[in-house]
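# Survey of secondary and tertiary structure
For reference, the chains in residue letters:
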Amino acid sequence: MGEDTIAAIATGAGEGGIGIVRLSGAGALAVAERVFRPRRGLPLGRRRSHTVTYGWVQTPAGERVDEALALVMRAPHSYTGEDVVELQCHGGQLAVRRVLEQTLQAGARLAEPGEFTRRAFLNGRLDLSQAEAVVDLIRAKTDRAMAAAVAHLGGSLREAIGAIRARLLEMMAHVEADIDFPELELEVQTREEIAAGCDEALAAVDRLLGGARAGRILREGLRVVLAGRPNVGKSSLLNRLVRENRAIVTAVPGTTRDVIAEWVELGGVPVQLSDTAGIRDTDDPVEQIGVERTREALRQAHLVLVVVDCAAGLVPEDREWIRELPATASRIGVANKIDLNPAFPLSELAESLGGAPVVAVSAEQGTGIPALEAEIARHAGALDAGEELLVNARQAEAIGRAAAHLREAREALAQGVGVELVSIDLRAAWMALGEVTGETADDDLLDQIFSRFCIGK
Ligand code: GDP
Ligand code: ZN
């Protein structure tokens, strides 16, 4: 590890003010020295750490490739913990790529996705939760998601997990002492100590798990589906919501296609608004496909906006499809076109939705829209959890396993099982938590995590 020197373009695709080629490894300075000629003074290999040198990147034949600044950061005070050189050149894609080519010809190897960060992890510069925060930070769509990633990057999750693991270790040490010195009859004391420790650890672990759902919504977005009969005003409403909020342009991967979807930010949460074809029984095969897609979108929804037309009133067909809504999604009743019928009985709609909140709006005139937005934002309201506790799916899975072992330990204690057996569960919980921070992560897990990164990170 770290034997070979890796290189990659560290800046994004497309035009920018500058482009950066990053080198890391024991030979980073040697490679950089071969391709970079300072305007004056010492060659790069003899520069001190954290210095900037102006000069040119050039070919072995001495032909200038680009003007550049070379940043030298020596081990261990660099991102990877190895010798690192950054060549900052002009931003054009061609220029940056030509600089990269020079470094590859001079002995560097093209970095794999996430390899810089993986080296940083292996050199103890950051733990796994911090490494994952690097990806989350790059992909963050909203201020809240960004704040969560920044908190993790700062080590908040590492600290929370570290505290629980330290407590478990203490408990395991007690058990060891019992086994080693049975004549001291420490067992009664140990059982109480372990029971209290388990309860404490479980409370902490459950707090982390509580942040998992919120964390998921922050990262992947709240999926909101607009549903209703044709012509009730779904598309008008979608347009209105998009027009009046900050639209997020990039789509989150892995979300429903085939249904028109727009991304907006509501209350710091990314919200995916999907328009649907309209729900009704039909024999037309083309329309049937639309209905099937609508059903699929409804199955995946966190929240369904049940749109009805005030002018038409709540008709039997409305009641029918409302009854068929999947139980998994929360609902908000939206009485649209309130401008046409201000006397529309909202309570009837609320009743048909089993007491769900109901908002009267006019997509056309804009009335009631802020109230609707507030109601949607409230649904993402589990997000009251502190940012530092918003764990991702992988972390939640490992923490969930730890919780299961802790519950088993608690149960076993209550049933009078011997502490040496209970300590097997304590150890398993301790191991599972170690996967979050990386202390007990194996190579497969690391591969899986770092493959999510882009090259250059
Ligand atoms: P969808 O089929 O459910 O997507 O409905 P549309 O958004 O296409 O709207 C159907 C018709 O209702 C259009 O003629 C809209 O202009 C009209 N419409 C939508 N919202 C309102 C509203 O709040 N008030 C009034 N008066 N008309 C509306
Ligand atoms: Zn429509």
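Parameters at a glance
Residues numbered from 1 in each chain as written. Chains lettered and ligands numbered in written order. Predicted model: local features only at pLDDT ≥ 70, side-chain atom pairs only at ≥ 80, totals over all residues. Heavy atoms only, no water. UniProt positions renumbered as here; feature names shortened; annotations may be inferred. Helix = DSSP H or I, 4+ residues; strand = E, 2+ residues; numbered from the N terminus. Buried < 20%, exposed > 50% of the residue type's maximum accessible area, 1.4 Å probe, protein only. Areas by Shrake-Rupley, 256 points an atom, 1.4 Å probe, with all protein chains shown as cover. Near = heavy atom within 4 Å. Polar contact = N/O pair within 3.5 Å; in protein donor to acceptor, adjacent residues only side chain to side chain. Nonpolar A, V, L, I, M, F, W, Y, C, P; charged D, E, K, R; others polar. Pairing = 2+ DSSP bridges. Contact = heavy atoms within 4.5 Å. Axes fitted to C-alpha atoms, helices over the stretch in contact; angles between N-to-C directions.

Named according to an unreviewed UniProt entry, the chain is tRNA modification GTPase MnmE originating from Symbiobacterium terraclitae. On record in UniProt, under Subcellular location (unreviewed entry), the comment for the chain is "Cytoplasm". Its UniProt record, at the heading Subunit (unreviewed entry), says of the chain: "Homodimer. Heterotetramer of two MnmE and two MnmG subunits."

This next bit is on the overall build of the chain. Across its full length, the chain holds 15 helices and 14 strands. Counting every position in the chain, which comprises 457 residues, the buried fraction comes to 50%. For the chain, the computed accessible surface area is about 21200 Å², with 52% contributed by carbon and sulfur atoms.

A word on the site of ligand 1. Within the structure, ligand 1 sits among 15 residues, and Asn-231, Lys-234, Ser-235, Ser-236 and Asp-339 are positioned closest to it. Residue Ser-235 places a side-chain N or O atom 2.8 Å away from an oxygen atom belonging to ligand 1. Taken by itself ligand 1 offers 580 Å² of open surface, and the protein chains cover 73% of this. With three residues, the top contributor of residues to the shell around ligand 1 is helix α8 (residues 234–243). When the residues that make up the shell around ligand 1 are grouped by side-chain class, the tally is four nonpolar, six polar and five charged.

With that out of the way, let us pick up the sheet that holds strand β2 (residues 18–24). With mixed pairing, the seven strands of this open sheet are ordered in space as β3-β4-β5-β6-β2-β1-β7. The sheet terminates laterally at β3 (36–38) and β7 (109–110), the two strands that pair on one side only. Here strand β1 (residues 6–9) runs beside β2; their pairing, made up of four bridges, is antiparallel. Its bridge partner being in β2, Ala-7 is matched across the sheet by Leu-23. Sheet strands touched by helix α1 (residues 28–35): β2, β3, β4 (51–58), β5 (64–73) and β6 (84–90). Its angle to β3, the strand with the most contacts, is close to 75°. Packing against the sheet, helix α3 (residues 115–122) makes contact with β1, β2 and β7, and its axis sits at approximately 135° to β1.

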